[in-house]
Amino acid sequence: MMTKMKPTRDGYGEALLELGKSNPNVLVLDADLAKSTRADWFWKAHPDRFFDMGIAEQDMLATAAGMALGGKIPFASTYGVFVAGRAWDQIRTSICYGNLNVKIGGAHGGISVGPDGGTHQSLEEIALMRVLPNMTLILPCDAEETRKATLAAAEIYGPVYLRFAREATPVFTESDSPFEVGTANVLREGSDATIIAAGPIVYEALVASDLLAEQGLKVRVINMHTIKPLDETAIIGAARETGVLVTAEEHQIYAGLGGAVAECAAKHCPVPIEMVGIMDTFGESGTPDELAEAYGLTHREIVAAVLKAIQRKK
Amino acid sequence: MTLANNDQLRELCTTVRRDIVEMTAAAGSGHPGGSLSAVELVVGLYFNVMRHDPANPTWSDRDRFILSKGHACPVLYSVLARSGYFPADELKTLRKFGSRLQGHPNMQVLPGLDTSSGSLGQGLSISNGLAIAAKLDGKDHRIYCLLGDGEIQEGQVWEAAMTAAHYKLDNVCAILDYNNLQIDGCCDDVMCIAPVADKWLAFGWNVIEVDGHNLDEVLLAYQRAASVKCQPTIIIAKTIKGKGVSFMEDVAEWHGKAPNAAELAVALKELA
Ligand SMILES: Cc1ncc(C[n+]2csc(CCOP(=O)(O)OP(=O)(O)O)c2C)c(N)n1
Ligand SMILES: [Mg+2]
């Protein structure tokens, strides 16, 4: 099939443009990476409501906190490593502790950042953000869903972290596909196993499900775009009805989506779980495709994980 | 809320100092030193300078006070109580389980707090955000931000210093409690912060230096700061940590230690 390709960050930029028109309270901040995060689209359209904070992420996040205290809806974006990592304490104390209405755009998430290498490949945001009380954490699967998630972030009150990526990835949701924060989307029905994925890797999960169908296996695919609050009902249902779970994410294998799903399943309906993700290592330079192969983030690893999980069924 | 009379303000300063030692003594822990050094600075603001209404703590046009050095919350709690935000009786619940007077300020539970704080170095950035929001809305309220001198060793403070000057935030007034002590000792020994005024000048700020225990100087500085355009102001207030309690004055150990019963009695006698 011919799929349209587009970076998820474009969805962030488009949504900010829409919000710029529809909501005068929306402000945008960036830390000298506005061109990469697509915040520059808003900048050009609404220069009076855009604030370049220079290369000062900690200041940017706490300034956004102050703007929120002043009744604004600030969107602060830069690379995921520099926002979730470097400004974590600002997010914790200045934003989440007061439950302030700050939206964080974590760009260039995942290993697919490519040639910039390990320093720039943000693989820890789920672990870092999910642990914060009051935080909502969204990993949209394509540009269209990123657009919707960004619009939705402006609608809900409280801190929201949106993770998006640099590379063009398949756009496989439509403008009328459902998107509701906290409600997972079942993209394929199935009864033999369930793949739960978040971010652009959801597309690989769909490919894996199709390939497994050729072997006569019906594999459910869940797009868990919201990691927090986690849609536990979808996870418990999948565990009960399909007996095994496979998680797939472009994130460290520890404390990521896999961990979140495992916590839920262990509590409510323990079943065999296999996890596809980055195996406790840093990334390196390469093309996104080379890196996906090298670090095992393709439909092939997902297929193998599903087969392994099914074997573990009693 | 304005008290024109400096005698009343001086009396209030004594009341607040008594509150600080009493509430930390009752808590058995807390931060008297950096609270006592900031008494004139905070009392002057709440009782003479700031536009605020204790009956309406979320009034959007109020001036804001951002206590960046959150550990000094005893001084703020006392001033808020004495302003009428909550009963002074509640001060003795400081740091106790279930109290609205958390060990460091939590705006989610106590009315009158304009921010939560406790992790040093973040308040000036928050103040800038509030100041930008106010300017966008065409509002004229001012943002006051109290910084510790040890606190300005945090890099983020200087990021925020750049931001305030860059965006010409003349509605921001920072106040530096320059008591020259932090936990491990004298600031200049731990990590030299001098020359303080030159640093802020170099960052594009209007700098006013005062004796932080001289109410006339302090009030005049707030007035002068409010008249400066296109530039943020910092009031560098030379202070004595532990001011008003002889055995606490200029002694680093009283940063984060509560007086015992005997010490409290001496302190209250001195603060008569
Ligand atoms: C980020 C951060 N690091 C360390 C601390 C622990 N701490 C609390 S108060 C303090 C010293 C503060 O000194 P100063 O700013 O001079 O305050 P003051 O003398 O006015 O009490 C330290 C290191 C903290 N609260 N936040
Ligand atoms: Mg000090």
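Nothing here was measured: the structure is a model prediction, and the numbers come from that model.

J.: Please clarify how the overall build of chain B should be interpreted in this entry.
T.: The helix and strand tally for chain B stands at ten helices and seven strands. Whereas a compact globule of 272 residues would reach a radius of gyration of roughly 19 Å, chain B reaches 17 Å, a difference of no more than 12%. The principal-axis extent of the C-alpha atoms belonging to chain B is close to 50 × 45 × 35 Å. Taking all 272 residues of chain B together, 58% fall into the buried category. Excluding contacts between residues fewer than 6 apart, the proportion of contacts in chain B whose partners are at least 24 apart in sequence is 76%. Total accessible area computed for chain B in this model is approximately 10,100 Å², and 52% of it derives from carbon and sulfur atoms. Where the 24 positive side-chain charges of chain B centre and where its 32 negative ones centre are 4 Å apart.

J.: What exactly am I supposed to notice about the interface of chain A and chain B here?
T.: Where the parts come together, the accessible area they lose is often given as the size of the interface. In this complex, chain A contributes 26 residues to the contact, which on the side of chain B involves 24 residues. Together, Asp59(A), Leu69(A) and Tyr97(A) form the three largest contributors to the area buried by chain A at its contact with chain B, with a combined 29%. The interface formed by chain A and chain B includes one salt bridge. As a salt-bridge pair, Lys72(A) and Asp137(B) come within 2.5 Å of each other at their nearest N and O atoms. Our count for the chain A to chain B interface comes out at eleven residue pairs in polar contact (both at pLDDT 80 or more). Taken together, the elements giving at least two residues each to the side of chain A that touches chain B come down to strand S3 (50–52), helix H4 (57–69) and helix H6 (88–96) of chain A.

J.: Would you explain the sheet that holds strand S7 (residues 233–238) of chain B in this entry?
T.: Residue and element names in this part refer to chain B. Pairing within the open sheet is parallel, and its five strands lie in the order S1-S2-S3-S7-S6. Bordering the open sheet on either side are strand S1 (64–67) and strand S6 (206–211), each of which pairs with just one other strand. Strand-to-strand, the axes of this sheet are offset by a mean angle of 20°, without reference to chain direction. Pairing of strand S3 (residues 172–178) with S7 involves six bridges; the strand directions are parallel. Pairing of Ile175 across the sheet is with Ile235, part of S7. The strands touched by helix H5 (residues 123–136) within the sheet are S1, strand S2 (143–148) and S3, with S2 carrying the most contacts at an inclination of about 170°. Packing of helix H9 (residues 215–227) onto the sheet brings it into contact with S2, S3, S6 and S7, and relative to S6 it is tilted by some 170°.

J.: I tried to follow the nonpolar core on my own but got confused; where do I start?
T.: When a protein is soluble and globular, its nonpolar side chains tend to lie buried together. Ranked by size, the top nonpolar core spans 80 residues in total, and within it Ile91(A), Leu245(A), Leu124(B) and Trp200(B) carry the most contacts. For this core, the leading source of residues is H4(A), giving eight residues. No fewer than three residues from each of domain 1 (4–171) and domain 2 (185–313) of chain A sit in this core. Ignoring any residue separated from it by four or fewer positions in sequence, one finds Trp200(B) in contact with Leu124(B), Leu147(B), Ile152(B), Val157(B), Trp158(B), Ala161(B), Trp205(B), Val207(B), Ile234(B) and Ile236(B). Counting 55 residues, the second-largest nonpolar core is a separate cluster that includes Cys13(B), Val21(B), Leu67(B) and Ile208(B).

J.: It is not clear to me how the coordination of the magnesium ion (ligand 2) should be interpreted in this structure. Could you clarify?
T.: Reference values for angles at a metal are 109.5 degrees in the four-donor tetrahedral case and 90 or 180 degrees in the six-donor octahedral case. Residues and elements named next belong to chain B. At 2.1 Å from the magnesium ion (ligand 2) lie its protein donor atoms, namely Asp149 (OD), Asn179 (OD1) and Leu181 (O). Donor residues binding the magnesium ion (ligand 2) come from one chain and are separated in sequence as D-x29-N-x1-L. With Asp149 in the loop between S2 and helix H6 (155–166) and Leu181 in strand S4 (residues 181–182), this pair connects stretches of sequence that are 32 residues apart. Accessibility classification places Asp149 together with Leu181 in one group, the buried group.

J.: Is there a simple way to explain the state of the cysteines in this structure?
T.: By definition, a disulfide links the sulfur atoms of two cysteines through a covalent bond. Across all of its chains, the model carries zero disulfides over all chains by this definition. Here Cys264(A) stays free of any disulfide, with the sulfur of Cys269(A) as its closest cysteine sulfur at 9.0 Å. Not part of a disulfide, Cys13(B) finds its nearest cysteine sulfur in Cys173(B), a span of 17 Å.

J.: Would you explain the packing of H4(A) against H6(B) in this entry?
T.: A pair of packed helices can be characterised by two numbers: the angle between their axes and the separation between those axes. Put simply, H4(A) and H6(B) touch, their axes get as near as 8 Å, and they point 65° apart. Between H4(A) and H6(B), the interaxial angle falls into the category roughly perpendicular. In the crossing of H4(A) with H6(B), the sense of the turn from one axis to the other is right-handed. Contacts between H4(A) and H6(B) pair Glu57(A), Gln58(A), Asp59(A) and Ala62(A) from the former with Gln156(B), Glu159(B), Ala160(B) and Thr163(B) from the latter. Looking at the contact of H4(A) with H6(B) residue by residue, the class counts come to two nonpolar, three polar and three charged.

J.: Explanation requested: the packing of aromatic side chains in the structure shown.
T.: Working definition: an aromatic ring pair is given by the centre-to-centre distance plus the angle between the planes. Residue and element names in this part refer to chain A. Under the definition given, this model contains twelve aromatic pairs over all chains. Measuring from centroid to centroid gives 6.4 Å for Tyr12 and Phe75, while their planes differ by 55°, and the two rings are tilted. Linking Tyr12 in helix H1 (residues 8–22) with Phe75 in strand S4 (residues 73–79), this pair joins segments that are 63 residues apart in sequence. Across this residue pair, the class does not change: Tyr12 and Phe75 are buried. Judged by centre distance (5.5 Å) and plane angle (45°), the ring pair of Phe172 and Tyr203 falls under tilted.

J.: For this particular structure, what's the right way to read the site of ligand 1?
T.: Residues and elements named next belong to chain B. Residues in contact with ligand 1 amount to 17 residues; listed here are only the nearest, Lys69, His71, Asp149, Gly150 and Lys241. Between ligand 1 and the protein, one listed contact pairs an oxygen atom with a side-chain N or O atom of His71 at 2.7 Å. Within the complex, 76% of the 590 Å² of free accessible area of ligand 1 lies under protein. A per-class count over the shell around ligand 1 returns three nonpolar, nine polar and five charged.

J.: Can you walk me through the side chain of Glu40(B) in this structure?
T.: Residues and elements named next belong to chain B. One can find Glu40 in helix H3 (residues 39–49). What makes Glu40 buried here is its relative accessible area of 7%. A polar contact of 2.9 Å, which involves the side chain of Glu40, links it to the side chain of Arg17. Aside from chain neighbours lying at most four places away, what touches Glu40 is Cys13, Arg17, Gly212, His213, Leu215 and Val218.

J.: Could you clarify how one ought to interpret the domain arrangement of chain A in this entry?
T.: Residue and element names in this part refer to chain A. Each assigned domain of chain A is listed with its residue range as follows: domain 1 (4–171) and domain 2 (185–313). Taken over C-alpha atoms, the centre of domain 1 sits 25 Å from the centre of domain 2. Facing the 32 residues of domain 1 at the interface are 32 residues of domain 2. When the area that domain 1 buries against domain 2 is broken down by residue, the three leading residues are Ile111, Leu123 and Arg130, summing to 28%. Seen at the junction of domain 1 and domain 2, the total is one salt bridge. With a closest N to O distance of 2.6 Å, Glu263 and Arg130 form a salt bridge. Breaking the side of domain 1 that touches domain 2 down by element, the ones donating at least two residues are helix H7 (125–130), strand S6 (136–138) and strand S8 (168–171). Across the side of domain 1 that touches domain 2, the residue classes break down as 15 nonpolar, ten polar and seven charged.

Rules and cut-offs
Residues numbered from 1 in each chain as written. Chains lettered and ligands numbered in written order. Predicted model: local features only at pLDDT ≥ 70, side-chain atom pairs only at ≥ 80, totals over all residues. Heavy atoms only, no water. Helix = DSSP H or I, 4+ residues; strand = E, 2+ residues; numbered from the N terminus. Rg over C-alpha atoms; globule rule 2.2 N^0.38 Å. Buried < 20%, exposed > 50% of the residue type's maximum accessible area, 1.4 Å probe, protein only. Contact = heavy atoms within 4.5 Å. Areas by Shrake-Rupley, 256 points an atom, 1.4 Å probe, with all protein chains shown as cover. Lys, Arg positive; Asp, Glu negative; His and termini not counted. Charge placed at Lys NZ, Arg CZ, Asp CG, Glu CD. Buried area = accessible area lost by both parts, 1.4 Å probe. Salt bridge = Lys/Arg side-chain N within 4 Å of Asp/Glu carboxyl O. Polar contact = N/O pair within 3.5 Å; in protein donor to acceptor, adjacent residues only side chain to side chain. Pairing = 2+ DSSP bridges. Axes fitted to C-alpha atoms, helices over the stretch in contact; angles between N-to-C directions. Core = buried A, V, L, I, M, F, W, Y, C linked by side-chain atoms within 4.5 Å. Domains from an automatic or database assignment. Donors = N, O, S within 2.8 Å, 3.2 Å for Na, K, Ca; no water. Disulfide = S-S within 2.5 Å. Parallel < 35°, antiparallel > 145°, perpendicular 65-115°, else oblique. Left-handed = near helix turned anticlockwise from the far one by under 90°. Nonpolar A, V, L, I, M, F, W, Y, C, P; charged D, E, K, R; others polar. Phe/Tyr/Trp six-rings, centres within 6.5 Å; stacked < 30°, edge-to-face > 60°. Near = heavy atom within 4 Å.

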